[in-house]
Amino acid sequence: MKILVIGGGGREHALVWKIKQSPKVEKIYCIPGNGGIAEIADCIPLPLDDLESLAQFAFEKEIDLTVVGPEIPLSRGIVDVFMEKGLRIFGPTKAAAEIEGSKVFAKEIMNRYHIPTAASGSFEDEQDAVNFIEAMDTPIVVKADGLAAGKGVIIAQTKEEAKDAVHVMMAEKAFGDAGTCVLIEEFLEGEEVSILAFSDGKTVVPMVPSQDHKRIFEGDEGPNTGGMGAYSPVSIFMPDLQDEVMRQVLQPTVDGMAKEGMPYKGVLYAGLMLTATGIKVLEFNARFGDPETQVVLPRLQTDLIDIMEAVIDQRLDQMTIEWTSNHAAVVVVSSGGYPGKYVKGKVITFNQPQDEEVIVFHAGTKKDGQDIVTYGGRVLGVTGIGETLQDALHKAYKAIEHIKFEDMFYRRDIGHRELARKKD
Ligand code: AMP
Ligand code: GLY
């Protein structure tokens, strides 16, 4: 089979790495790819916003299956464009991807199908939002409705801050059209877990749980990022919780989307808060998580292509999906200054010894002659695999000691919650 992967981050490197293990696959293309993906696939520099050109490329190269990594092409309808041309593609349609593309839409689905989530109101008028805030307890969570690269959520400690956040989104248009509508919701306390699931529109099968580290600094301080590290499994996510997520979140969401006439096919990612009063959904994403994929796919034993084909053909109920019992941890190495301003083009040197249980996934890198140089905020994701989380982390951190570029930064406390639990 010939496969095309869309995207160029750490998630896409993990996808290409896993897809390459399938005996069915003879050739992989990636648009645009990155410096690491270029070692194992043909990277093609086409713009992701030109969906017709992407489909034309897939048509000309006789691609058997296209796999979409990022949310923006999904929200723009890449799946619809490919399907119209008879091309096989893994991911939700434009309508179904609204579950990530519009937080208000996701909330409506959750409310309509009784899926546990934070109480909220949605507003297109600033004064109405202000009136709603006046009646709330603090802290207050203010969210831009549309896609904002993970930045459109503000946790306001006071009502004044919440009103300012609304003003910045609605009047000053800090997130452009994403802030035309805002969602204001109650603050939830607890621990976050990411559950990615395969869905074929009827059957939904969760993957192994993982936990992201969204803040830039150790101790979960500083601004939010795309994610600075992750690990899997998560010990607090016991089988009873898995059943609860299936029963209360995943199955009703997939059934609800089908009822709404937009069957959900692809990866449904539920960002969950484990609160004192049970599981609540913080957000849905319409795709694999980044960096969660870099710890989830290394634990997948089943052929990913078989699963994706079963999703497209709606026969996920006939698949058995198997996982290893080991642990995986990814430490993201970023450019100094990220998530603020940073400089690209720093030469990266890799001198880590070969180790089957270490995978260096590239994110913001590119080839520059003989060199690999930095080309984004999140530069690498180094995944370690081991019998325990400690082993996995040890392998990842040891490998990072042998990787160098100017102003590199990484958190040294990935997995801290889980490690603290283990000591109890
Ligand atoms: P979202 O994009 O909706 O997942 O929000 C990004 C991050 O903001 C989440 O991963 C949480 O850390 C935080 N967050 C979002 N909604 C809430 C909430 N209702 N209560 C507490 N934290 C939240
Ligand atoms: N790691 C968070 C996300 O992929 O949205």
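Each remark here, short or long, concerns the structure printed above.
As the structure is a prediction and not an experimental result, all values here were calculated from the model.

Cut-offs applied
Residues numbered from 1 in each chain as written. Chains lettered and ligands numbered in written order. Predicted model: local features only at pLDDT ≥ 70, side-chain atom pairs only at ≥ 80, totals over all residues. Heavy atoms only, no water. Near = heavy atom within 4 Å. Polar contact = N/O pair within 3.5 Å; in protein donor to acceptor, adjacent residues only side chain to side chain. Areas by Shrake-Rupley, 256 points an atom, 1.4 Å probe, with all protein chains shown as cover. Helix = DSSP H or I, 4+ residues; strand = E, 2+ residues; numbered from the N terminus. Nonpolar A, V, L, I, M, F, W, Y, C, P; charged D, E, K, R; others polar. Axes fitted to C-alpha atoms, helices over the stretch in contact; angles between N-to-C directions. Parallel < 35°, antiparallel > 145°, perpendicular 65-115°, else oblique. Left-handed = near helix turned anticlockwise from the far one by under 90°. Contact = heavy atoms within 4.5 Å. Pairing = 2+ DSSP bridges. Buried < 20%, exposed > 50% of the residue type's maximum accessible area, 1.4 Å probe, protein only. Phe/Tyr/Trp six-rings, centres within 6.5 Å; stacked < 30°, edge-to-face > 60°. Lys NZ or Arg CZ within 6 Å of the ring centre and 35° of its normal. Core = buried A, V, L, I, M, F, W, Y, C linked by side-chain atoms within 4.5 Å.

S.K.: Would you take a moment to explain the site of ligand 1 for this structure?
M.R.: Residues in close proximity to ligand 1 total 15 residues, the closest being K143, E185, L188, E192 and E283. Here a nitrogen atom of ligand 1 sits 2.9 Å away from a polar atom, N or O, in the main chain of E186. Here a nitrogen atom of ligand 1 sits 2.8 Å away from a polar atom, N or O, in the main chain of L188. Relative to its unbound accessible area of 470 Å², ligand 1 is 92% covered by the protein chains. Every element with two or more residues in the shell around ligand 1 is listed here: β7 (140-144), β8 (153-156), β9 (182-186) and β17 (278-285). For the shell around ligand 1, the residue count by class is 8 nonpolar, no polar and 7 charged.

S.K.: Explain the packing of helix α7 (residues 126-134) against helix α8 (residues 159-170) here, please?
M.R.: Angle between the axes and distance between the axes: these two values describe a pair of packed helices. Where α7 contacts α8, the axes come no closer than 10 Å and their chain directions differ by 160°. On the basis of the axis angle, α7 is roughly antiparallel to α8. Where α7 crosses over α8, the handedness of that crossing is right-handed. Here E126, A129, V130, I133 and E134 of α7 come into contact with α8, specifically with K159, A162, K163, V166, H167 and M170.

S.K.: Would you mind going over the sheet that holds β8 with me for this structure?
M.R.: Within a sheet, adjacent strands bond to each other through the backbone by hydrogen bonds, running parallel or antiparallel. An order of β6-β9-β7-β8 is seen for the 4 strands of this open sheet, with the pairing classed as antiparallel. Every other strand in the sheet has two partners, leaving β6 (120-123) and β8 as the edge strands with one partner each. On average, each strand axis in the sheet is tilted by 20° relative to the strand beside it, whichever way the strands run. Summarising the sheet, β7 and β9 pair through 5 bridges and their orientation is antiparallel. When the sheet's bridge partners are listed, A144 is paired in β9 with V182. This element, helix α6 (residues 103-112), spans β6, β7, β8 and β9 of the sheet and lies at about 50° to β9. Contacting β6, β7 and β9, α7 crosses the sheet at an angle of about 160° to β6.

S.K.: Just to check I follow, could you spell out helix α11 (residues 304-312) for this structure?
M.R.: Of all 9 residues that make up α11, 8 are buried, and the element is covered over most of its length. When α11 is considered as a whole, its buried residues turn out to be L304, I305, I307, M308, E309, A310, V311 and I312. Summarising the contacts, the buried residues of α11 are in contact with β1 (2-7), α1 (10-20), β4 (65-68), β5 (89-90), β10 (191-200) and β16 (265-275). With a side-chain oxygen lying 2.9 Å from the backbone nitrogen of I305, the N-terminal cap of α11 falls on D303. Once α11 ends, the next one or two residues include Q314, with phi positive near 55°.

S.K.: Mind showing me how you'd approach the packing of α1 against α11 here?
M.R.: Where α1 meets α11, the axes come as close as 8 Å, and the angle between the chain directions of the two elements is 100°. Between α1 and α11, the crossing angle belongs to the class labelled roughly perpendicular. Contacts between α1 and α11 involve L15, K18 and I19 from the first element and L304, I305 and M308 from the second. The residue makeup of the contact of α1 with α11, split by class, is 5 nonpolar, no polar and 1 charged.

S.K.: Honestly, the environment of V205 in this entry has me stumped. Any pointers?
M.R.: Examined against the element boundaries, V205 turns out to sit in strand β11 (residues 204-206). Each C-alpha atom, one on V205 and one on M1, is 25 Å from the other, the two residues being 204 residues apart in sequence. Residues in contact with V205, not counting those within four places in the same chain, are A197, F198, L316 and I321.

S.K.: Looking at this model, I keep getting lost on the packing of aromatic side chains. Mind explaining?
M.R.: Any aromatic ring pair is given by two values, namely how distant the centres are and how the planes are angled relative to each other. Applying the stated rule across the entire model yields 7 aromatic pairs. Plain terms: the ring middles of F198 and F288 are 6.3 Å apart, the flat faces sit at 80° to each other, and that makes the pair edge-to-face. Here F198, found in strand β10, pairs with F288, found in the loop between β17 and α10 (293-296); they are 90 residues apart in sequence, far enough to count as distant. The two residues F198 and F288 agree in class, both being buried. Sitting above the plane of the Y29 ring, K27 keeps its charged end 5.3 Å from the centroid. Geometry around Y410 places R412 over its ring, the cationic atom sitting 4.3 Å from the centre.

S.K.: What's the story with the nonpolar core in this structure? I'm lost.
M.R.: Within soluble globular proteins, side chains that are nonpolar tend to cluster in buried spots. I78, I99, V249, L272 and V382 are the most contacted members of the largest nonpolar core, which has 72 residues in total. Among the elements that take part in this core, helix α12 (residues 389-400) stands out by supplying 7 residues, more than any other. Contact partners of L272, with chain neighbours within four places excluded, come to E191, E192, V193, I195, F237, V245, V249, I279, K280, V281 and L282. Membership of the second largest hydrophobic core comes to 42 residues, among which are L196, M207, L297 and I305.

S.K.: Explain the site of ligand 2 to me, please; I cannot follow it from the model alone.
M.R.: Neighbouring ligand 2 are D212, G226, Y269, N285, R287, G289, D290, P291 and E292. Between a nitrogen atom of ligand 2 and a side-chain N or O atom of D212, the distance comes to 2.8 Å. One of the side-chain nitrogen or oxygen atoms of E292 is found 2.8 Å away from a nitrogen atom of ligand 2. Taken by itself ligand 2 offers 200 Å² of open surface, and the protein chains cover 90% of this. The residue inventory of the shell around ligand 2, partitioned by class, reads 2 nonpolar, 3 polar and 4 charged.

S.K.: Sorry if this is basic, but what is going on with the sheet that holds β10 here?
M.R.: Strand order in the open sheet made by the 4 strands is β11-β10-β16-β17, with antiparallel pairing throughout. At either margin of the open sheet sits one strand with a lone partner, and together these are β11 and β17. Direction aside, the axes of adjacent strands within the sheet are offset by 35° on average. Strand direction decides the pairing type here: β10 and β11, joined by 3 bridges, are antiparallel. Opposite S199, over in β11, you have V204 as the bridge partner.

Keep in mind these values describe shape, not function.
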